Amino acid sequence: MQQVRVRFAPSPTGPLHIGGVRTALYNYLFAKKQKGIFILRIEDTDRSRFVNGAEEYITESLKWCGIKPDEGVLEGGPYGPYRQSERKDLYRQYAEKLVEKGDAYYAFDAPEELELLRYSAEKKGQTFTYNSSVRDKLKNSLSLPEPEWKRFIREDKPYVIRYKMPVNEDVNLDDLIRGHIVVNTDTLDDKVLFKSDGMPTYHLANVVDDYLMKITHIIRGEEWLPSLPLHFLLYRSFAWEKPLFAHLPLLLKPDGKGKLSKRDGDKMGFPVFPLYWPYGETARGYREEGYYPEAFVNMLSLLGWNPGTEKEIFSMDELINVFSLDRVHKAGSRFDPEKARWFNHHYLQQKSNKQLAIEFREILRAKGFHHDIIQLETLVDLVKERVSFVKDIWDETDFFFIAPKAYDSEVITKRWKPETPEHLKGLKEVLDELSDFTPAATEQAVKMWITQNGYHTGTIMNALRLVLVGASRGPHIFNIISWLGKEETLNRIDRGLTVIGNHSR
Ligand code: GLU
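Quick caveat, the model's predicted, so the values are computed rather than measured. (Residues numbered from 1 in each chain as written. Predicted model: local features only at pLDDT ≥ 70, side-chain atom pairs only at ≥ 80, totals over all residues. Heavy atoms only, no water.)

**Considering the overall build of the chain**
Quick note on the threshold: Note on conventions: DSSP H or I runs of at least 4 residues are helices, E runs of at least 2 residues are strands, and numbering of each starts at the N terminus. Just to be clear, the radius of gyration here is over C-alpha atoms, and the globule rule we use is 2.2 Å times residues to the power 0.38. Buried, partly exposed and exposed residues are distinguished by accessible area as a fraction of the type maximum, computed with a 1.4 Å probe on protein chains only: under 20%, between the cut-offs, and over 50%, respectively. We call two residues contacting when some pair of their heavy atoms lies within 4.5 Å. Only the protein chains shown count as cover for residues, with accessible areas throughout obtained via the Shrake-Rupley method and a probe of 1.4 Å. For the charge count, each Lys or Arg is scored as positive and each Asp or Glu as negative, with His and the chain ends excluded. To locate a charge, take NZ of a lysine, CZ of an arginine, CG of an aspartate or CD of a glutamate.
Across its full length, the chain holds 20 helices and twelve strands. At 33 Å, the chain has a C-alpha radius of gyration far larger than the 23 Å of a compact globule built from 505 residues. Taking the principal axes of the C-alpha coordinates as reference, the chain spans close to 110 × 55 × 35 Å. Here the chain, with 505 residues, has 50% of them falling under the buried criterion. Considering only contacts in the chain between residues 6 or more positions apart, those separated by 24 or more positions represent 71%. When the accessible surface of the chain is split by element, carbon and sulfur atoms take 49% of a total near 24,400 Å². Looking at the chain, you have 71 positive and 73 negative side-chain charges, and the mean spots of the two groups are 2 Å apart.

Below is the structure:
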């Protein structure tokens, strides 16, 4: 059987949208499942839309996700170069071949002339389409006498090469996801294949390269579906065997109303790009927001595909095992920012305390706190279930590092009883005598003291939490005491006693 070869073919026009990452992922999963080859090809023939840094952004994003090209701009390979601008000289001959065959023609219309035609059609409520309906009246090698257009070419008059769309023909398209589609050629225009700047357009370069790189399956976003009839016809004109096509569903906004756009992230408070984009109009990235690549990939994998079971957690290897194009949906997939956080929460729980402590230490270091990993491991263990991101550990543990300066007045009103100062003083003495300050030892001593005195556990614990934390939050109180250590615990009790003092209700 022929080896599966797929490609991800982004244009470096800015940061790669998460929809693009999903396209890369599905291509990768499909290829790996079939023991095939995944290619990264950079489609940079449109120099007017080229953005510096975008190609590097694409390669770094794929790397972060664990999507490894077998052939590509960095990897090289037998069908390179993999950057279209470096293949520039190869495309003209293909466009000319089509002219010779009668399936394409030279067009000399100036952009302003076409603009004018477009404008006057619009004024009449029509749309101008450059195809069989008008091409005879325009300036091209089909309408002009041969000596004239040949002279134009000799004189270097700027021209483009356009595809000669057949007249009134039903093109039968097959798509692995969308099924059979019929499009009549009269609804299509004579697309430009080769531009006056000597560069091919997307359509020509894309089809030629897919052929030369022996691509077997083209898996790409639904926005390319309108190009499919032309691509089918190009394969026919070249008499090349067609690859199979699969157009992936759109990613929709969380409310399902329309395509998830680059602007939505900022508007709705979640990133729409894998990594931070540092140039010009900057954009937030999943990596910098604290997402783990495993969570990001897992989340993306389910936006447009389902495994046919209830299972939601998949590693890359598991995805490779179970992925198939038959389970890719036709309908658009709603992006769910909550679910993205849910995935990160899941993957964060799988990390070792040590790993999390190492990551959290960086956040602390930036805030000017220096603690050893062992201490932080204990701390992380206390709160990890509550957090979805390492950066959230700070919100759960800030009081471990900064003693409370103020105390929640609602908690004071509710929890600070007239007898509280006496209780806390007694408690201080109990703790002061302890040499073993582990959670178990402090708990045992305090509970024994409470029982011996016939105190109410809740009342004491609530007041103690208030002076240690400043509010009624945080993990188990004896874990807090133990982590703070004797000196800090006693200091905080003292300070609470002074500041709250004999608060009377
Ligand atoms: N260069 C196109 C893009 O930016 C490739 C589309 C395709 O995969 O054919 O998405």
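**As for the site of the ligand**
Operational definition: Neighbouring residues are identified by heavy atoms, a residue being near a molecule or strand if any of them is within 4 Å of it. Whenever a nitrogen or oxygen atom comes within 3.5 Å of another N or O atom, the pair is scored as a polar contact, on the condition that within protein one atom can donate a hydrogen and the other can accept it, and that pairs from neighbouring residues in sequence are kept only if both atoms are in side chains. Ten residue types, Ala, Val, Leu, Ile, Met, Phe, Trp, Tyr, Cys and Pro, are classed as nonpolar, four, Asp, Glu, Lys and Arg, as charged, and the remainder, Gly among them, as polar.
Close to the ligand lie Arg7, Ala9, Pro10, Ser11, Glu43, Tyr202, Asn206, Arg220 and Trp224. One nitrogen or oxygen atom from the side chain of Ser11 is found 3.0 Å from a nitrogen atom belonging to the ligand. Within the side chain of Arg220, an N or O atom sits 2.8 Å from an oxygen atom of the ligand. Protein chains shield 85% of the accessible area of the ligand, which is 290 Å² for the free molecule. Tallied by class, residues from the shell around the ligand come to four nonpolar, two polar and three charged.

**Things to note about the packing of aromatic side chains**
What counts is decided by this rule: Working definition: rings of Phe, Tyr and Trp (its six-membered ring) pair if their centres are within 6.5 Å, and the pair is stacked with planes under 30 degrees apart, edge-to-face with planes over 60 apart, and tilted otherwise.
In total, this model carries 34 aromatic pairs according to the counting rule given. Between Tyr94 and Trp240, the aromatic rings sit 5.7 Å apart at their centres with planes inclined by 70 degrees, giving edge-to-face as the arrangement. With Tyr94 in helix H3 (residues 91-101) and Trp240 in the loop between helix H7 (228-238) and strand S10 (244-248), this pair connects stretches of sequence that are 146 residues apart. A residue is classified by how much of its surface remains accessible, and Trp240, at 12% relative accessible area, is buried. Consider the rings of Trp305 and Phe314, whose centres lie 5.9 Å apart with planes at 70 degrees: the pair is edge-to-face.

**Examining the sheet that holds strand S4 (residues 104-107)**
The criterion, for reference: Two strands pair if DSSP finds at least two bridges between them. Geometry is summarised by axes, namely lines fitted to C-alpha atoms with helices restricted to the contacting stretch, and by angles between N-to-C directions that run from 0 to 180 degrees.
Read across the sheet, three strands follow the order S4-S5-S8 without closing on themselves; strand pairing throughout is antiparallel. Edge positions in the sheet fall to S4 and strand S8 (192-194), since each has one partner strand and no second. Geometrically, the sheet is characterised by an average inter-axis angle of 45 degrees between neighbouring strands, direction not taken into account. Bridge count between S4 and strand S5 (residues 160-163): four bridges; the pairing is antiparallel. From the neighbouring strand, Ala107 faces S5, where its bridge partner is Val160.

**Quick word on the pattern of salt bridges**
Heads up, the rule is: What makes a salt bridge here is a side-chain nitrogen of Lys or Arg within 4 Å of a carboxyl oxygen of Asp or Glu, nothing more.
Counting across every chain of the model gives 34 salt bridges. A salt bridge links Asp264 to Lys253; the shortest N-O distance between them is 2.9 Å. Here the residue Asp264 occupies a position in helix H8 (residues 264-268), and Lys253 occupies one in the loop between strand S11 (251-252) and H8, the gap between them amounting to eleven residues. Accessibility expressed as a relative area gives 1% for Asp264, which makes it buried. Classification of Lys253 by relative accessible area gives buried; the value is 16%. Here Lys447 ties to Glu443 by a salt bridge, and the two come within 2.7 Å at their closest N and O atoms. Of this pair, Lys447 and Glu443 are both found in helix H18 (residues 439-453), four residues apart, which corresponds to roughly one turn of the helix.

**A closer look at the pairing of strand S1 (residues 5-8)**
The condition is simple: Here is how to tell: hold the view so the strands point away, follow the path from the first strand over the helix to the second, and if it runs clockwise the crossover is right-handed.
Along S1, one buried face is formed by Arg5 and Arg7 and the opposite face, lined by Val6 and Phe8, is buried too. In this structure, S1 lies alongside strand S2 (residues 37-40), joined through four bridges in parallel fashion. Residue Arg7 lies in a different strand from S2, and its bridge partner there is Ile39. Of the crossover connections in this fold, the one passing from S1 over helix H1 (residues 18-33) to the parallel S2 is right-handed.

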